[in-house]
Structures are given as structure tokens and as C-alpha cells.
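# Fold and geometry: a report
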Amino acid sequence: MDKNGYFGNWGGAFIPEVLHQTFEDLKREYIKARQDPAFWQEYLSLMSTYSCRPTPLTHAENLTRHFGGAQIYIKREDLNHTGAHKANNVIGQGLLVKRMGKKRVIAETGAGQHGMATATMAARFGFECTIYMGEVDVQRQRPNVFWMEKMGATVVPVKDGSRTLKDAINEAFRDWVTNIDDTHYVFGTACGPAPFPEMVSWFQSIIGQEAAGQIQARHGGMPARIYACVGGGSNAMGIFGRFLQEPGVELVGVEAGGKGIASGMHAVRLGGTDASPGVAQGYKTMFLQNEDGQMLETHSVAAGLDYVGVSPILADHWEKGRVRFESATDDEVMEALDLTMKMEGIIPALESSHAFVQAFKEAPGLSPSEAIIINMSGRGDKDIFTIAHAFQDPSWKAFIIQKGLEYSK
Amino acid sequence: MNLEQELKERLQKKDILLMTHIVLGYPSFEVNREVVRQMVDNGVDCIEMQLPFSEPMADGPVILKANQDSLANGTKIADCLAFGAEMAAIHAIPFLFMTYYNIIFKYGESAFFAQAKEAGIKGLIVPDLPPEQGESFFRLADEQQIAPILIFAPTSTDARMRELDGFGRGFIYCVARRGVTGKKSEFGADFSDYLGRCRAATAKPIAVGFGIQDRDDIRVLIGKADMAVIGSQTIRLVDSKGAAAVGPFIAGLREASAKPQSC
Ligand SMILES: Cc1ncc(COP(=O)(O)O)c(C=O)c1O
């Protein structure tokens with residue numbers, strides 16, 4: 001990151017003046033933490049006692065046999081506390097908030113996993129907590145809303161714009177400019193104004209650091225390819241980070257193909273041709289926008305990937321050809337999810353399932369002496385309603401109808 | 001005459017100037033036209049015309065909704081530029097464009113400045129473009145002699161204010177409080193201290209905006225600020241009572257701010 005927060009042509013900090021001083025303070029605190037080995041030690045210790053780090057690297061033997069190509073390994077961020085990689089970032093920022101002496105945290109959330117992690121951290125550290133969530137996402141990720149509220153957070157459904165992740169981010173910024181003195185905005189992904197993209201990637205880099213040691217131990221060398229789904233880009237940056245310096249490792253980001261790129265109903269920013277350079281939500285990246293610079297509606301079955309922008313760091317790696325971008329459609333995602341559940345007894349989140357789709361497409365073309373890693377960014381429990389609906393599961397339907405009747409009495 | 005000179009000249013005759021805000025294409029260009037006419041006829045000194053953006057991060061509910069409705073009506077940036085040119089041609093007050101940086105970036109900075117210049121626009125307010133991120137923007141502003149209006153906030157340090165002042169032209173826009181547009185502001189002792197700090201950091205006229213709603217608010221500002229900015233309030237008024245209510249509302253504000261006749 002350069003002094004203006006850029007990664008190549010992307011990034012920056014396009015913030016209203018009222019936030020200027022807060023960002024100066026945050027940058028200072030972040031740099032101090034990075035230079036202080038005790039900070040990372042405290043972080044690691046918390047992540048290994050409050051969460052389950054290091055998370056396992058699972059050899060998916062059945063899937064490997066099924067596809068008959070590369071050895072398929074799965075990095076199990078689903079086994080992180082709160083069920084996704086999101087906690088890596090949140091606990092890190094929580095420690096910074098303690099250092100800064102702020103008493104209240106706010107966050108946006110799409111899939112609800114970042115909101116969940118933030119609510120959890122706030123409960124543990126004793127902060128007040130407000131979560132902004134698009135109204136559409138409140139509906140599709142209802143279980144997470146329930147748990148956030150149970151942990152004492154206030155969940156505010158955002159009714160503006162497309163009522164998804166970007167609108168939740170706008171609303172969180174509006175809260176922040178109003179309550180800057182005592183509030184920290186726990187940004188949930190590797191986007192937004194500097195220093196967030198780099199800071200979030202730093203906390204998430206724990207994924208790749210662990211995975212490098214684990215694959216070395218299990219496979220005896222570096223993997224041929226690594227797959228990660230890309231919403232804002234934090235789990236991808238997390239697992240890619242350590243491997244950027246390994247020229248032999250191909251890094252593949254998988255975006256939400258929604259109903260197919262041709263349909264226009266997708267969230268493909270880097271793997272297609274619909275996005276163009278823009279500046280919004282505090283940073284410069286490739287945005288899905290019209291010719292006037294108005295953001296477009298996006299679509300994905302996965303709330304966490306349903307976003308108009310993408311990490312400026314990934315945009316830089318995309319432009320320089322270091323990371324390849326692909327996309328997976330909603331239908332492909334359901335198929336991959338189904339297969340993974342049946343063959344491995346593992347339930348990936350809808351977001352994570354995008355990475356599985358691309359890995360499954362490419363595994364047969366690689367040799368059994370090669371290894372690939374899929375970053376399973378989270379578990380699918382939160383998606384129970386969406387998945388049950390997609391499979392038109394009859395017994396689940398009957399159950400919901402029964403419950404509905406019971407509650408409406 | 002540049003914007004700063006023009007405002008200073010107007011200040012010779014008035015104890016405080018009035019700047020108003022409209023969102024282009026909301027509820028329609030037709031209504032915008034009538035609202036501007038009423039504003040100008042009743043003594044408004046400067047009008048900021050907001051080019052709608054789908055992600056107006058610094059705006060509160062009233063202006064946010066106006067942005068969204070305008071876009072839903074199909075407002076295009078080209079229409080806004082044409083409307084700006086039309087207003088500047090028929091009314092003898094300075095007009096500014098206010099928008100978010102993406103609108104200008106996507107249009108192309110050079111092309112946007114050229115269009116704005118041709119339209120007779122005197123200044124630009126871009127709340128999400130801090131000077132350190134806008135090298136080419138500020139260069140073009142200088143070349144085209146369109147004033148980039150910079151913003152002071154209560155959280156800005158004295159040093160930061162002086163730094164911003166170095167980049168700003170025309171006047172300084174002081175936001176009255178933390179937060180987004182729309183909510184009422186309190187003008188207590190802290191506020192006076194803040195305006196004192198603003199005044200000390202710049203020789204340009206200072207405008208105060210965010211939450212200014214009525215004659216009493218403006219009376220408080222006389223002697224402390226050079227220009228009062230009415231934003232969300234006129235949008236609310238047009239929503240509830242129609243464009244015809246704007247003239248009397250503005251005239252009512254002016255009563256507070258005309259220099260006393262007797263001296
Ligand atoms: C399980 C899971 N994976 C991935 C994402 C996408 O975010 P990112 O691209 O920042 O990893 C989310 C976001 O909510 C998520 O919950």
C-alpha cells in the first residue's frame with residue numbers, strides 16, 4: 001500500500017472530511033500493532049483458545065477419487081468460531097478497538113457471518129454493537145439475525161437501494177460519521193477506504209500461513225492451485241496472501257455468476273466484462289455500474305458475494321495477472337454443495353460452494369501427484385432456508401408450515 | 001469575477017448570504033425549474049445542484065431518497081449538465097454542482113470540467129474527495145477556474161483546516177456537526193468555538209450547512225458565518241406543500257438576514 005492507500009491503480013481513501021481524523025488515528029494504531037510482535041501473539045493466543053485455530057486442512061479423499069485428478073484439500077474455516085473466516089478479521093479489529101479505547105462497534109453484513117462474528121466479539125469484549133444488514137439479506141439469512149440479537153446486538157434492516165450489502169455499508173458509514181467519537185466501524189471485508197483492505201487482509205492472512213505449513217506437511221510441497229470465493233475478497237486475500245510469493249501456485253478467485261453472466265444477474269466484477277473502474281464506498285476498484293456511474297443491481301444466491309465492488313488488492317492482482325478470476329452460477333453452486341455433503345459429510349456455505357464449483361471443474365485435468373486447496377470460507381448452516389428451498393425439500397416444507405400454524409394460533 | 005469575489009461583493013449588501021440545495025431530477029426537472037425560480041426571486045445568493053448518485057454516503061434520509069427517486073425517474077448526468085447550463089444562463093446568481101466523485105470520475109474528469117465550465121458553473125462540492133486523493137481534479141479546477149469547495153468538519157484539527165484551505169477556492173463549507181445531512185443541529189458554545197476555529201483557518205467566506213431549518217437558525221449564524229446553507233428543509237417543503245411554498249419560505253428566512261433599514 002502506498003502513502004495514499006493505493007495498490008497499483010486501485011484503492012485510496014475517498015472519505016468525507018468528518019472521518020479524516022478518525023482514519024489518521026486508525027492508521028496509526030494499525031501500524032503500531034503491525035510493528036508490535038506482542039500484538040500478533042495476543043491475537044494468535046485468542047484465536048487458539050476462543051476459536052479453533054489452526055483450523056484443519058482436510059484431505060477430501062472421496063471427492064479426489066470421484067474426480068480422478070488432483071488431490072483435493074479443504075481448508076476448514078467453517079470450524080473457526082462463529083462458522084466462517086470472518087472471525088479472524090473481527091477478533092483482530094476487536095483488539096485494536098480495545099487499544100483505541102472505543103466502546104461501541106458497528107458493522108455491515110451480507111451473509112450475516114460478519115455480523116455474527118462482530119456481535120460475538122462485542123459480547124466477549126463488552127462493546128455495544130449495531131449491525132446494518134440489507135432487508136433482502138435479513139430475509140435470506142434469518143438464523144444469523146436471530147443469533148446476533150441473542151448476543152445483544154441491534155440489527156438494523158436497511159431498506160434503501162438494492163437492500164443488500166452495499167446499502168448496509170452506506171448505512172454503517174452514516175452511523176459512523178454521526179458517532180465517530182466512541183465508535184469503530186468493523187469493516188467486514190478487504191474493501192473500503194485504506195487502511196481497511198490491507199488491515200483486513202493482514203488479519204485474514206492467518207489462513208494462508210497455516211495452510212502453507214499444513215500442505216507442506218501433508219502433501220510434501222506447494223499446491224498447484226488454490227480456490228477461493230470472492231465477495232469483497234477477504235477470505236481469498238487470506239488464503240492467497242502467503243502464496244503470492246510462490247510463483248508455482250496458481251491462485252483462482254471465484255465470483256458469483258448468479259443466473260449466468262449473459263443474464264446480467266450476477267456479481268462478476270473481475271472475471272467478466274460488465275464492470276468498469278469507479279470510486280464508491282470509499283475506494284477505487286472495478287464496480288458493476290452503468291455508463292453514468294450509478295451502481296447496478298447484483299444477484300447471487302449467496303448474500304455474501306452479492307456485491308458491486310471488490311477488494312482493490314485483488315483488482316491489482318487481477319490487472320497484473322497474478323490471480324485468475326472465474327465465476328460459478330447459482331445452479332452449479334447447488335450441485336457442488338449437494339455433492340460435497342453426500343461425499344464428504346461437509347456442508348459448505350453457499351459463498352464457499354462457489355470455490356468448490358471451480359475446483360471440481362479443474363481437478364480432473366490435473367494429475368494425482370498435484371494438490372489443490374479449496375478455501376471453505378464458512379459452513380452452510382446459516383443457509384438452511386435457502387438450500388431447503390432450492391432443493392424443494394418436502395419434509396422441511398411440511399415442518400415450516402406446521403411451525404407457522406403453531407405460531408399463528 | 002470569481003466565486004469568492006462574487007460572494008464577497010454580495011456580502012457588502014447583506015449580513016448573511018443564503019445558499020440552497022436541490023437534487024436534480026427530483027421530483028422532476030420541471031419542479032426543479034420552478035423551485036430555482038422561486039429561490040432566486042426571493043433572494044437566494046447561491047444554489048448547489050446535486051447530481052444524483054446511487055450511493056450518497058454523506059446524505060441523510062431526505063436527500064438519500066431524493067437521489068434514489070431521481071434515478072428511478074431515469075435522470076441522466078447529461079440531463080443534469082444541460083439543466084445546470086440552462087439555470088446559469090437565465091439566473092444571475094452563482095450555481096454550483098454538488099455530487100459524489102464517481103459521477104465525475106466516470107464521466108471523465110477533463111470532460112466534466114469542460115462541460116461544467118461551458119455551462120457556467122462556478123464551483124464543485126464533492127464530499128467524498130479529500131484533496132490528497134484528487135491531484136488531477138484540483139489541477140483541472142485551477143485550469144478551468146471552477147472553484148473546488150472544501151469542507152471543514154468539527155473533527156478537523158486546526159492544522160488540517162489550514163491544509164484544506166490551501167486547496168479550496170470560493171468559500172469554505174463548514175458542516176455544523178458530525179453526521180449526515182438532514183437532522184437539526186444544536187448551536188451551543190462548542191459550535192461557536194468551532195466556527196471561531198474555522199474563521200481563523202481561512203480568509204475565504206465561510207458557509208455553514210447541515211440541519212439549518214428556519215429563521216432562528218439563521219439568526220444565530222449572523223456575525224459568525226457568511227452564508228447559511230438550507231438543504232433537506234426545502235426538499236421536505238416541496239414534498240409536503242409543493243414548489244409554490246418555496247418562495248414564501250425563503251422570503252421568511254431573508255427577513256432575518258436583511259441588514260436593518262435604519263442604519
Ligand atoms: C462464508 C462466507 N464466505 C465468503 C464471504 C464473502 O466475503 P469475502 O469475499 O470477504 O471473503 C462471506 C461474506 O459474508 C461469507 O459469509
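Everything below is about the structure printed above this text.
A few points on the structure. Residue numbers here run from 1 along each chain, matching the order of that chain's written sequence. Chain A is the first chain written and ligand 1 is the first ligand written, with later ones labelled in order. For this predicted model, a pLDDT threshold of at least 70 governs which residues receive local features, and a threshold of 80 or more governs which side-chain atom pairs are given and counted, while totals over whole chains, interfaces and linings are taken from all residues. Calculated side-chain values reflect all of the structure's heavy atoms, with hydrogen atoms and water omitted.

## Let's talk about the sheet that holds strand S1 (residues 17–23) of chain B
All names here are of chain B. We apply this condition: In this description, strands pair whenever DSSP reports at least two bridges between them. Secondary structure counts use DSSP, requiring at least four H or I residues in a row for a helix and at least two E residues in a row for a strand, with both numbered from the N terminus. Note on definitions: angles span 0 to 180 degrees between N-to-C directions of axes, and those axes are lines fitted to C-alpha atoms, for helices only across the stretch in contact. The criterion used for residue contact is that any of the two residues' heavy atoms lie within 4.5 Å.
Here 8 strands make up a closed barrel; going around it, the order is S1-S2-S3-S4-S5-S6-S7-S8 and the pairing parallel. Across this sheet, the average inter-strand angle for adjacent strands is 30°, counted without regard to direction. In the packing of helix H2 (residues 29–41) onto the sheet, contacts are made with S1, strand S2 (46–50) and strand S3 (95–98), and the angle to S1 comes to roughly 175°.

## Here we look at the side chain of A:Ser205
Residues and elements named next belong to chain A. Here is the rule we go by: Under the scheme applied here, a residue whose accessible area is under 20% of the maximum for its type counts as buried, over 50% as exposed, and between as partly exposed, the area being computed with a 1.4 Å probe on protein chains only. Pairs of N or O atoms are called polar contacts if they sit within 3.5 Å, as long as, within protein, a hydrogen donor faces a hydrogen acceptor (for residues adjacent in sequence, only side-chain-to-side-chain pairs).
By the secondary structure assignment, Ser205 is in the loop between helix H9 (196–204) and helix H10 (206–219). Note on Ser205: relative accessible area 12%, which makes it buried. Looking at Ser205, its side chain comes within polar contact range of the main-chain oxygen of Trp202, at 2.6 Å. What Ser205 contacts, discounting residues up to four positions off in sequence, is Trp40 and Gly238.

## A few points about helix H4 (residues 86–100) of chain A
Residue and element names in this part refer to chain A. Where we set the bar: Multiplying 1.5 Å by the helix residue count minus one yields the expected span of that helix.
Over its 15 residues, H4 extends 21 Å from the first C-alpha to the last, a length consistent with the 21 Å expected when each residue adds 1.5 Å. H4 sits mainly inside the fold: 12 of its 15 residues count as buried. After H4 finishes, the residue Gly101 shows a positive phi value of roughly 75°.

## A closer look at the site of the ligand
Residue and element names in this part refer to chain A. Note the following rule: One heavy atom suffices: a residue is near a molecule or strand as soon as one of its heavy atoms comes within 4 Å of it. Only the protein chains shown count as cover for residues, and the accessible areas themselves come from Shrake-Rupley with a 1.4 Å probe. For this scheme, ten residues count as nonpolar: Ala, Val, Leu, Ile, Met, Phe, Trp, Tyr, Cys and Pro. Four count as charged, namely Asp, Glu, Lys and Arg, and the remainder, Gly too, count as polar. For the domain bounds, the source is a domain assignment made automatically or taken from a database.
Close to the ligand lie 18 residues, the nearest being Thr189, Gly233, Ser234, Asn235 and Ser377. Between the ligand and the protein, one listed contact pairs an oxygen atom with a backbone N or O atom of Gly231 at 2.7 Å. One nitrogen or oxygen atom from the main chain of Gly232 is found 3.1 Å from an oxygen atom belonging to the ligand. In isolation the ligand has 390 Å² of accessible area, and contact with the protein removes 98% of it. By residue class, the composition of the shell around the ligand is 5 nonpolar, 11 polar and 2 charged. Here the shell around the ligand spans two domains, and each of domain 1 (6–48 + 84–200) and domain 2 (54–83 + 205–390) adds at least three residues to it.

## Quick notes on the sheet that holds strand S10 (residues 250–258) of chain A
Residues and elements named next belong to chain A. An order of S3-S4-S14-S9-S10-S13 is seen for the 6 strands of this open sheet, with the pairing classed as mixed. Looking at which strands have only one partner, the edges of the open sheet turn out to be strand S3 (57–59) and strand S13 (323–329). Ignoring strand direction, the axes of neighbouring strands in this sheet form an average angle of 25°. Across the sheet, H10 touches S3, strand S4 (71–76) and strand S14 (371–376), and the angle it forms with S4 is around 145°. Against the sheet, helix H14 (residues 350–362) touches S4, strand S9 (225–229), S10, S13 and S14, its axis set at about 145° to S9.

## A few points about the side chain of B:His21
Residues and elements named next belong to chain B. If you trace the backbone, His21 turns up in strand S1. The class for His21 is buried, based on a relative accessible area of 5%. A polar contact of 3.4 Å, which involves the side chain of His21, links it to the side chain of Glu48. Beyond its immediate chain neighbours, meaning those up to four positions away, His21 contacts Met39, Glu48, Gln50, Ile63, Met98, Ile230, Gly231 and Thr234.

## Considering the pairing of strand S8 (residues 227–230) of chain B
Residues and elements named next belong to chain B. Both faces of S8 are covered, namely the face carrying Met227 and Val229 and the face carrying Ala228 and Ile230. Looking at chain direction, S1 and S8 are connected through 4 bridges and run parallel. Within S8, the position partnered with Thr20 by the bridge is Ile230. Here 2 bridges tie strand S7 (residues 206–209) to S8, and the two strands are oriented parallel to one another. Looking at S8, one finds that Ala207 is bridged to Met227.

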